[in-house]
Structures are given as C-alpha cells and as structure tokens.
Amino acid sequence: MIKTLSTILTLLISLSAGAAHAGALSALDIMTFADSFECQDKFPHHSFCEAVQFKPWTDEEKSVVGSYLAKINDPRLEGILKKIQQNGITKIHRVSYSARWFNNPQFRRVEFVRSAEKAFLWVNPVTNVIGVTDSFFTGTPFVDPYAQVDRKQINILHELMHDFDIATDHAFSMEVYEKAAGWGYNGKEAVIVGVDYEKVKAEFQSVMALMKEKRVAEAYALDRELGRQYGFPTLYAMTNQFEGFAEVVAYAIFDPTVSQYYSTELKFYLDKLYNVSTDK
C-alpha cells in the first residue's frame, strides 16, 4: 500500500527527532500544529485575526517546522519542555504577520494592529498564541558563526523559552535571572550593571541600522560579536530582561562556545534552571 505524503513527512520528522539525542523528549513531542483560531467581539477581538491573518498549514510547512522542533531535544531541556506541556501554549499556528496590541478605552477592550516587524515567529502572551509567519519561510537563511546551526533553530527555542516563562509565571526570568545576569536599575531604566549602557544602546542602534538596510546577516553577526564581548550571546539580550532570559538559554543549548564568555553566575544559574524546572 502506497503511503500518503502526510504519512511520509511524519515519518521523516520522527526519524529526525531521534537523530541528535535518541529517546530524549523533543519539542515536537509536546507541540501540535493548529489550522484555525477563533476571534470574537469580546476576546481576543477580531482585530487580532485581521492583523495576523491565520491560515492552514501545508504538509511541507509542517515538515520544515517539525524538523526544527525535533532537534530541540537536549536532555537539559526535558524539565522545561514538560513545564510547557503541563501549563504552557502547545499549539503552533500558521500566520502571515505578527501583531502588537493596545488598550482601547473607548470600547474597553484590547485591540491589535499589524506589526511592521518581520518576525520569523512569535509568542503573544495576551492571546496565548504562538505564530509562525510567512517570513519564517521566506527569510534569509544563514548559519550562526559560533553555534554552527541555522539561526532559525535558535529562534524557535528562544520563543519556546518565552512559552516556558509564561507557563511558570516568570519564576525563572525575574529575580534569580536578573541577579545572575547583573540587571539593576539606574534610576531611569533597567540596565546591566557595570557596563557603559549608553554605549550598549548606541551599538545596538548600529545593529538595527543594518537591519533597516536589509543587511540582515551582517546585523546578526555584529549583534553576536558585540554581545559576546559583554558576556552575553547578543546585544539584544542586554536590551530587556525577558528577551535576555530567552536568548541566554537558547544559545546555551545550541552554542558550544558559551563557556568562553558566559559568567560564572550565568553558568550556575543555568545549572539550577535545568534541575529546578523538572519539579512539578
């Protein structure tokens, strides 16, 4: 009997899942592909659906994203994945765009508008939706210079760490992480203590300038190189505590060189995260 295309793709994804860490729990084991989402006049407001434009998955798209999810199977992540499975978002939707939200006091509701950013994928904590955009499939592919993996692979784990963060009510991304990473308050904003933060912001603007010029690979390489000099995977990790949390964990899993630039405090924090997160 001839197998259908869908069956063959499922088999290929399953084989990929076991390639790196045979028998280990993978993100593919806990996530599902959802083909539809219902918006309404109450919540989430229909403006969300209009902004992101949900669409059904194709078998080819499932195969591509599934292969990335299958490779998120490092044994250190088992507890994190189980937390997502228990309390997090486990459906992945196919969308055209990302969106941002705002409170509309006139109608007393949260409304959404399309974001100009061409994010590959995103986690929306307001609607609890994970969306994979058109940009994920059309974006420029390139390999991280240090991790030696497709940057989309790291992006997916980054977003899953936001999922984990939501599932655990920020228990691992706030005080303990902030202390390990050196976050503090300078009277105006949250900053990494002990560095020239104005310089960091100026350097990050240089990265963003390259992005605006669509020199994406150069922007990414610069973000990585400058971030490593400060002891972080990227400058982006230094712009926001929650983004920093997701970046630090994602690169710790895929970049074998993090031991060269992560601080002792960050390494100790990660060891605790891998162990503590296995508790129910």
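The structure under discussion appears in the preceding block.
Computed from a predicted structure; not experimentally measured.

1. Considering helix 11 (residues 241-254)
So, point 1. Taking 1.5 Å per residue, 14 residues should reach 20 Å; helix 11 reaches 20 Å between its end C-alpha atoms and fits that length.
So, point 2. Where helix 11 starts, the residue carrying a side-chain oxygen 2.8 Å from the main-chain nitrogen of Phe242 turns out to be Asn240.

2. With respect to the environment of Tyr262
So, point 1. Within the secondary structure, Tyr262 sits in the loop between helix 11 and helix 12 (264-276).
So, point 2. For the pair Tyr262 and Tyr236, spaced 26 residues apart in sequence, the C-alpha separation works out to 15 Å.
So, point 3. Excluding residues that lie within four positions of it along the chain, Tyr262 makes contacts with Gly231, Phe232, Pro233, Glu247, Val248, Tyr251, Ala252, Lys267 and Leu270.
So, point 4. There is a polar contact of 2.8 Å between the side chain of Tyr262 and the backbone oxygen of Val248.

3. Overview of the pattern of salt bridges
So, point 1. Inspection of every chain in the model, using the stated rule, returns 12 salt bridges.
So, point 2. A salt bridge links Glu198 to Lys201; its shortest N-O distance comes to 3.3 Å. Here the residue Glu198 and the residue Lys201 both occupy positions in helix 9 (residues 197-212), the gap between them amounting to 3 residues, near one helical turn.
So, point 3. According to the relative accessible area criterion, Glu198 is partly exposed, its value standing at 49%.
So, point 4. Among the ionic pairs, Asp255 bridges to Arg224, the shortest N-O distance being 2.9 Å. Of this pair, Asp255 sits in the loop between helix 11 and helix 12 while Arg224 sits in helix 10 (residues 216-229), and the two are 31 residues apart along the sequence.
So, point 5. What makes Asp255 buried here is its relative accessible area of 1%.
So, point 6. Residue class for Arg224 comes out buried when judged on its relative accessible area of 0%.
So, point 7. Each member of the salt-bridge network shares a partner with another, and the members are Lys55, Glu61, Arg94 and Asp134.

4. Notes on unusual backbone geometry
So, point 1. Despite not being glycine, Gln53 shows a phi value in the positive range, around 55 degrees.
So, point 2. Examined against the element boundaries, Gln53 turns out to sit in the loop between helix 3 (46-52) and strand 2 (54-55).
So, point 3. Accessibility expressed as a relative area gives 35% for Gln53, which makes it partly exposed.
So, point 4. Located in the positive-phi region is Lys214, a residue other than glycine, with phi close to 65 degrees.
So, point 5. Summarising the element assignment, Lys214 is placed in the loop between helix 9 and helix 10.
So, point 6. Judged by its relative accessible area of 71%, Lys214 is exposed.

Thresholds applied
Residues numbered from 1 in each chain as written. Predicted model: local features only at pLDDT ≥ 70, side-chain atom pairs only at ≥ 80, totals over all residues. Heavy atoms only, no water. Helix = DSSP H or I, 4+ residues; strand = E, 2+ residues; numbered from the N terminus. Expected span 1.5 Å × (residues − 1). Polar contact = N/O pair within 3.5 Å; in protein donor to acceptor, adjacent residues only side chain to side chain. Contact = heavy atoms within 4.5 Å. Salt bridge = Lys/Arg side-chain N within 4 Å of Asp/Glu carboxyl O. Buried < 20%, exposed > 50% of the residue type's maximum accessible area, 1.4 Å probe, protein only.

Any functional reading would require information that these geometric values do not contain.
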